Amino acid sequence: MMLKKKNIAAALLLGALASQAWADPAVTLVAQPDPAVVGTNLSLDVLISGISDLYAYQFSLNFNPAILQVTGVSEGAFLGTAGNTFADAGVIDNAAGQISFLNNTLIGNVAGANGSGVLARINFSVNSVGSSALSFADALFLNSNLGDITVQLNGRTLDTVAAVPEPSTYLMLAAGLAGLVAWRRRQPA
């Protein structure tokens, strides 16, 4: 009976390790600052983790144009760790709320990049309070043999908040009001 319990425990442990080792690579979105503040800029990093032999990728990103507006897209450093790259920021459509076909590829006959890192950085201006779903579409990830790589795409919701005045702002307002009251009292009636 004890042998069976040990075998079951060992099988469960091996199964858990195997599922982690063979899990699909994941793409996630990390915003800075989070939550975003209206009237400021936001940087959104598109991160890849746990990938092997990434040679090229493309994706589209959807966002709420009433909340966010794209101000720029730049290439991340991850793919460049394997060689020279060619990147295209895609087509930015702030009216529709989409960046279409953002892509990057290695150049030449080289092995793809391995591990984790930043694929791209997308900069937004934050225009109003609310929530914006950030979701992927048209995704394609290829290895150095131009074969498909299955990748888990993790969209997210980004909340935006109104700017909160700093305590020093309140202090300046109070000092101004006190000065106005003192000036008013010194005026002849």
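Residues numbered from 1 in each chain as written. Predicted model: local features only at pLDDT ≥ 70, side-chain atom pairs only at ≥ 80, totals over all residues. Heavy atoms only, no water.

Broken down by element type, the protein carries 2 helices and 12 strands. For the protein, the sequential pattern of α-helices and β-strands runs α-β-β-β-β-β-β-β-β-β-β-β-β-α. Per-residue burial over the protein gives 28% buried out of 189 residues. Considering only contacts in the protein between residues 6 or more positions apart, those separated by 24 or more positions represent 77%. For the protein, the accessible area works out to roughly 11200 Å², and carbon and sulfur atoms hold 60% of it. (Helix = DSSP H or I, 4+ residues; strand = E, 2+ residues; numbered from the N terminus. Buried < 20%, exposed > 50% of the residue type's maximum accessible area, 1.4 Å probe, protein only. Contact = heavy atoms within 4.5 Å. Areas by Shrake-Rupley, 256 points an atom, 1.4 Å probe, with all protein chains shown as cover.)

Turning next to the packing of aromatic side chains. Scanning the entire structure with this criterion turns up 4 aromatic pairs. For the ring pair Tyr-57 and Phe-59, a centre distance of 6.0 Å and an interplane angle of 15° mean the geometry is stacked. The exposure class assigned to Tyr-57 is buried, which follows from its relative accessible area of 4%. Between Phe-63 and Phe-124 the ring centres are 5.3 Å apart and the planes differ by 70°, which places this aromatic pair in the edge-to-face class. Of this pair, Phe-63 sits in the loop between strand 4 (56–62) and strand 5 (68–75) while Phe-124 sits in strand 9 (residues 113–126); the two residues are 61 residues apart in sequence, bridging distant segments of the chain. An aromatic cluster of at least three residues, connected via ring pairs, comprises Tyr-57, Phe-59, Phe-136 and Phe-141. (Phe/Tyr/Trp six-rings, centres within 6.5 Å; stacked < 30°, edge-to-face > 60°.)

Glancing now at the nonpolar core. The nonpolar side chains of a soluble globular protein tend to be buried, and buried together. Within the largest apolar cluster, 38 residues are counted, with the highest numbers of intra-cluster contacts made by Val-46, Leu-54, Tyr-57, Leu-68, Ile-122, Phe-124 and Phe-141. Only strand 1 (26–32), strand 3 (41–54), strand 4, strand 5, strand 8 (98–106), strand 9 and strand 10 (130–142) provide two or more residues apiece to this core. Not counting residues within four places of it along the chain, the set of residues in contact with Leu-54 comprises Phe-78, Leu-79, Leu-106, Gly-112, Ala-113, Leu-119, Phe-141, Leu-142 and Ile-149. (Core = buried A, V, L, I, M, F, W, Y, C linked by side-chain atoms within 4.5 Å.)

Now for the confidence of the model for the protein. Interpretation of the predicted coordinates at a detailed level should be avoided for regions scoring low in pLDDT. In the predicted model, the protein carries a mean pLDDT of 87, and the fraction of residues at 70 or more is 84%. Predicted confidence for residues 16–20 stays below pLDDT 50, and this span has 0 contacts to residues more than four positions away or in other chains. (pLDDT = per-residue confidence, 0-100.)

Let's shift gears to the environment of Ala-137. You can see Ala-137 is positioned in strand 10. For Ala-137, a relative accessible area of 23% gives the class partly exposed. Along the sequence, Ala-137 and Gly-155 sit 18 residues apart, while their C-alpha atoms lie 10.0 Å from each other. With residues near it in sequence (within four places) discarded, Ala-137 still touches Phe-59, Ser-60 and Asn-62.

Moving on: unusual backbone geometry. What is expected of a backbone is that most residues other than glycine have negative phi and most peptide bonds are trans. Cis rather than trans, the peptide bond between Gln-32 and Pro-33 has omega equal to 0°. Phi is positive for Asp-138, close to 55°, though the residue is something other than glycine. With respect to the element layout, Asp-138 can be found in strand 10. Residue Asp-138 is classed as partly exposed on the basis of its relative accessible area of 40%.

Inspection of the entire model under this criterion finds 2 salt bridges. Close ionic contact of Asp-34 with Arg-156 constitutes a salt bridge, the shortest N to O distance being 2.7 Å. Note that Asp-34 is positioned in the loop between strand 1 and strand 2 (36–37) and Arg-156 in strand 12 (residues 156–161), a separation of 122 residues in sequence. Since its relative accessible area comes to 44%, Asp-34 is described here as partly exposed. (Salt bridge = Lys/Arg side-chain N within 4 Å of Asp/Glu carboxyl O.)

A word on the sheet that holds strand 11 (residues 152–153). Pairing is mixed across the open sheet formed by 5 strands, whose spatial order is 5-9-3-1-11. The sheet terminates laterally at strand 5 and strand 11, the two strands that pair on one side only. The pairing of strand 1 with strand 3 spans 7 bridges and is antiparallel. Bridge pairing in strand 3 links Ala-26 to Ser-49. (Pairing = 2+ DSSP bridges.)

A few words now on the environment of Ser-128. Of note, Ser-128 is situated in the loop between strand 9 and strand 10. Looking at Ser-128, the relative accessible area reads 23%, which means it is partly exposed. Distance from Ser-128 to Ala-162, taken between C-alpha atoms, is 7.7 Å for residues 34 residues apart in sequence. When neighbours within four sequence positions are excluded, Ser-128 is seen to be in contact with Val-38, Ala-66, Ile-67 and Thr-160. There is a polar contact of 2.7 Å between the side chain of Ser-128 and the backbone oxygen of Ala-66. (Polar contact = N/O pair within 3.5 Å; in protein donor to acceptor, adjacent residues only side chain to side chain.)

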